[in-house]
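A closer look at the structure
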Amino acid sequence: MRTRTLLLLALFCGLAILAAGAVQLWMISDPPEPAAALQIGEGGTAGDADVTVLAARRQGDAVVVDVRIGGVDDDTGLDGFRVIGGGQSAPVDIADPATTCSAITTATTECALGFDLSEAGSGQLRLVFSRADEQLRWLIVDS
């Protein structure tokens, strides 16, 4: 091949790389807007789990959230829940073991999740459930 042909091929490859980079930059510069927060009583699906928040109440330095959950058998599925507000809290055991959530099952069950908020303070609290790169959010307490 001649030098002129090689130079033209190199120029063409450089332009192709530049165009691909511009397209990639355009794609990542406009991230999708997160879904609006759900209200208590509304449900959604994250991954293969269906979750509905039925109620939420503060109890001293804790918040208890009643949920209806099901769709998949997963002993560690509850690890996807967090309460966010002035900090972040993972689920903890609450007083009544008969109503405390222990796992996600294919059968839909109603149970309660407890969260320690001793370091969260007051204000808006959001319950977040993450599973399979999907996320559901609820505004649970606004005080």
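I will try to describe carefully the structure that is included in this document. (Residues numbered from 1 in each chain as written. Predicted model: local features only at pLDDT ≥ 70, side-chain atom pairs only at ≥ 80, totals over all residues. Heavy atoms only, no water.)

**Side note on the side chain of Thr100**
Along the polypeptide, Thr100 turns up in the loop between strand 6 (91-92) and strand 7 (109-116). What makes Thr100 buried here is its relative accessible area of 17%. With residues up to four places along the chain from it excluded, the contact list for Thr100 reads Asp93, Ile94, Cys111 and Ala112. (Helix = DSSP H or I, 4+ residues; strand = E, 2+ residues; numbered from the N terminus. Buried < 20%, exposed > 50% of the residue type's maximum accessible area, 1.4 Å probe, protein only. Contact = heavy atoms within 4.5 Å.)

**A look at the pattern of salt bridges**
Inspection of every chain in the model, using the stated rule, returns 4 salt bridges. Linking Arg68 and Glu110 is a salt bridge whose minimum nitrogen-to-oxygen distance equals 3.1 Å. Residue Arg68 is found in strand 3 (residues 62-70), and its partner Glu110 is found in strand 7; the two are separated by 42 residues along the sequence. A relative accessible area of 55% places Glu110 in the exposed class. What emerges from the salt-bridge pattern is a single network uniting Asp48, Asp74 and Arg131. (Salt bridge = Lys/Arg side-chain N within 4 Å of Asp/Glu carboxyl O.)

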